[in-house]
Amino acid sequence: KCLTVELGERSYPIWIGPGVRQKLADLLQQAGIAPGRKLFVVTDQNIAPLYLEDTVQLLTEGGYAVHHFIVPAGEEAKSLAIYEQIMTEALTIGLDRKSAFLALGGGVVGDLTGFAAATYMRGVAFVQVPTTLLAHDSSVGGKVAVNHPLGKNIIGAFHQPKLVAYDTNALTTLPPREVASGFAEVIKHGLIWDASFVTWLEENADGLQAFDHELLQAALLRACSVKVAVVSQDEREQGLRAILNLGHTFGHAFEALTGYKGINHGEAVAIGMVAAARLAERLGLAENISERTVRVLRQYRLPVALPVPLDVDEMLDVMRRDKKGEGGKLVFVLPTAIGKVDIYKNIEEEPVRAVLAE
Ligand code: NAD
Ligand code: ZN
């Protein structure tokens, strides 16, 4: 199945389904990356033993000159230090402006490799081969970045891929906690856009978590369609695209203050979406939505409260620095009903404190 991000000349396809990776060389060619060109495959230590060798082989057989680079697994790899290592390797192996970077991995590898591709020689072609459930979100839309100890995704760019090749067969090896993390963003796409998708996720929670392939593909297509629709309308987050950040202002603070370990991105977003629902209720913007938000997240084995207490003042500091904020104001995407959100640009500190202290 294929979706298209509509961006005029920069439109690109997202292929989703079992076995997509087997067709990678053909898909690259269709996307305008001709055989003979140098491909720089970046992946992480967990994914390399599972999928690197056969991916390199498929690409080599397809006529590409393939190099690869393995980064440590985990959020900490999204750093300027690892970014510099990638640049050094790219220069050492002689990549030029016609070369393409290929991210084989989850959101960490995707964001890091994409940022490297965006900046290497002022930008080279980039391809996403996602291997996590969460990456249905991160691989689409062209936001690429690394973290800074003082802020998540704070050093980044917009750099759209030429192609997203999402092989759902690769998801079978994901650890359970990463599966849950991925469902957080799937649920987010329902909560911001489509109440009937939330209901469908509630009804199919068991089948989806048992990896029923048809259900899984349906869920990913539906979640990706939301992302595609939003990004096609507002590539650079002038307005609408901000709704994708539901739960993220809170979530990014949780991630930064736990040192990007301890809780993963999806878990932080899950807890953040509950906080956003509670804040909306407290501000009188919505009624009775936190309870259902908590329930559906629990169905997917996601946490709904912080596992460790964090300092409220520090959280507020990080939230004010979050790049959605302007002039140090607190900006939140808040639900007004299940399936519907709005952007609020000047939220007072007091109710946020109250929610964080709950
Ligand atoms: P991740 O890339 O760290 O992957 C999670 C873990 O699973 C890692 O340990 C990884 O090695 C392992 N793994 C990956 N694929 C595997 C497989 N098929 N089998 C076994 N193990 C596998 O994390 P993630 O959850 O995919 O991505 C999180 C990141 O994505 C965060 O940094 C977040 O900020 C970013 N993100 C970006 C966007 C965007 O628009 N750019 C959107 C959402 C999230
Ligand atoms: Zn996210």
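Keep in mind it's a predicted model, so treat the numbers as computed, not measured.

> So what's going on with the environment of Val 304? Which residues, and what values?
Tracing the chain through its elements places Val 304 in the loop between helix H12 (290-299) and helix H13 (312-321). You can call Val 304 buried: its relative accessible area is 14%. Sequence separation of Val 304 and Arg 177 is 127 residues, and the distance between their C-alpha atoms is 14 Å. Those residues within four positions of Val 304 in sequence are excluded, and the remaining contacts are Ile 271, Val 274, Val 294, Leu 297 and Arg 298.

> I'd like a rundown of the sheet that holds strand S4 (residues 65-71), residues and numbers included.
Within the open sheet, the seven strands sit side by side as S1-S2-S9-S6-S5-S3-S4. Their pairing is mixed. Looking at the sheet topology across the chains shown, the edges are occupied by strand S1 (2-5) and S4. Adjacent strand axes in the sheet meet at a mean angle of 20° when their direction is disregarded. Note that S1 and strand S2 (residues 12-17) share four bridges and pair antiparallel. Residue pairing for S2: Val 5 is matched across the bridge by Tyr 12. Contacts between helix H3 (residues 80-92) and the sheet are confined to strand S3 (38-44), S4 and strand S5 (100-105), with S4 contributing the most and set at about 155° to the helix.

> Just give me the short version of the nonpolar core, but keep the residues and values in it.
Of all hydrophobic cores here, the largest spans 81 residues; its most connected members are Phe 250 and Val 352. Each of domain 1 (2-173) and domain 2 (196-357) gives at least three residues to this core. Contacts of Phe 250, omitting those with residues within four sequence positions, involve Gly 272, Ala 275, Ala 276, Leu 279, Met 319, Phe 332, Val 352 and Leu 356. Of all hydrophobic cores here, the second largest spans 25 residues; its members include Val 42, Val 71, Ala 117 and Tyr 120.

> Can you explain the packing of helix H6 (residues 176-193) against helix H9 (residues 213-233)? Please cite residues and give values.
Running from N to C, H6 and H9 point in directions that differ by 55°, and their axes come no closer than 10 Å. Of the possible angle classes, the one that applies to H6 and H9 is oblique. Considering only the axes of H6 and H9, their crossing is left-handed. Here H6 contributes Phe 183, Val 186, His 189, Ile 192 and Trp 193 to the contact with H9, which in turn contributes Leu 216, Ala 223, Val 226, Lys 227, Ala 229, Val 230 and Gln 233. Looking at side-chain class alone, the contact of H6 with H9 contains nine nonpolar, two polar and one charged residues.

> Tell me what's going on with the coordination of the zinc ion (ligand 2), and back it up with residues and numbers.
Donor atoms from the polypeptide that coordinate the zinc ion (ligand 2) comprise Glu 185 (OE), His 248 (NE2) and His 265 (NE2), at 1.9 to 2.1 Å from the metal. In primary-sequence terms, the residues that donate to the zinc ion (ligand 2) follow E-x62-H-x16-H. Of the two residues, His 248 is situated in helix H10 (residues 248-257) and His 265 in helix H11 (residues 265-282); the sequence distance between them amounts to 17 residues. His 265 sits in the buried class, given a relative accessible area of 15%.

> Describe in detail the pairing of strand S6 (residues 125-130), supporting the description with residues and values.
Within S6, six of the six residues are buried, which leaves the element mostly enclosed by the surrounding structure. Side-chain alternation along S6 places Ala 125, Val 127 and Val 129 on one buried face and Phe 126, Gln 128 and Pro 130 on a second face that is also buried. With six bridges connecting them, S5 and S6 associate as parallel partners. Bridge pairing in S6 links Ala 103 to Gln 128. In terms of handedness, the path from S5 via helix H4 (residues 107-119) over to S6 forms a crossover that is right-handed. Pairing of S6 with strand S9 (residues 163-167), which is carried by two bridges, proceeds in the parallel orientation.

> I'd like a rundown of the site of ligand 1, residues and numbers included.
Taken together, 28 residues are adjacent to ligand 1, and Asp 44, Glu 75, Gly 107, Thr 132 and Thr 173 come closest. Thr 131 is positioned such that a nitrogen or oxygen atom in its side chain is 2.8 Å from a nitrogen atom of ligand 1. Within the side chain of Thr 132, a nitrogen or oxygen atom sits 2.6 Å from an oxygen atom of ligand 1. Split into classes, the residues belonging to the shell around ligand 1 amount to nine nonpolar, nine polar and 10 charged.

> Before we move on, can you summarise the domain arrangement of the chain with the specific residues and values?
Domains assigned within the chain are domain 1 (2-173) and domain 2 (196-357). Between the C-alpha centres of domain 1 and domain 2 there is a distance of 26 Å. Contacts between the two partners involve 33 residues from domain 1, matched on the other side by 26 residues from domain 2. Interface area lost by domain 1 to domain 2 is led by Ile 16, Lys 152 and Phe 158, which between them contribute 21%. The partner of Glu 235 in a salt bridge is Arg 10, with the nearest N and O atoms 2.9 Å apart. Where domain 1 packs against domain 2, one counts 10 residue pairs in polar contact (both at pLDDT 80 or more). Taken together, the elements giving at least two residues each to the side of domain 1 that touches domain 2 come down to S1, S2, helix H5 (135-138), strand S7 (143-148) and strand S8 (151-158). At five residues, S8 tops the list of elements feeding residues into the side of domain 1 that touches domain 2. Of the residues in the side of domain 1 that touches domain 2, the class split is 14 nonpolar, 12 polar and seven charged.

About the criteria used
- Residues numbered from 1 in each chain as written.
- Chains lettered and ligands numbered in written order.
- Predicted model: local features only at pLDDT ≥ 70, side-chain atom pairs only at ≥ 80, totals over all residues.
- Heavy atoms only, no water.
- Helix = DSSP H or I, 4+ residues; strand = E, 2+ residues; numbered from the N terminus.
- Buried < 20%, exposed > 50% of the residue type's maximum accessible area, 1.4 Å probe, protein only.
- Contact = heavy atoms within 4.5 Å.
- Pairing = 2+ DSSP bridges.
- Axes fitted to C-alpha atoms, helices over the stretch in contact; angles between N-to-C directions.
- Core = buried A, V, L, I, M, F, W, Y, C linked by side-chain atoms within 4.5 Å.
- Domains from an automatic or database assignment.
- Parallel < 35°, antiparallel > 145°, perpendicular 65-115°, else oblique.
- Left-handed = near helix turned anticlockwise from the far one by under 90°.
- Nonpolar A, V, L, I, M, F, W, Y, C, P; charged D, E, K, R; others polar.
- Donors = N, O, S within 2.8 Å, 3.2 Å for Na, K, Ca; no water.
- Right-handed = clockwise from strand over helix to strand, strands pointing away.
- Near = heavy atom within 4 Å.
- Polar contact = N/O pair within 3.5 Å; in protein donor to acceptor, adjacent residues only side chain to side chain.
- Buried area = accessible area lost by both parts, 1.4 Å probe.
- Salt bridge = Lys/Arg side-chain N within 4 Å of Asp/Glu carboxyl O.

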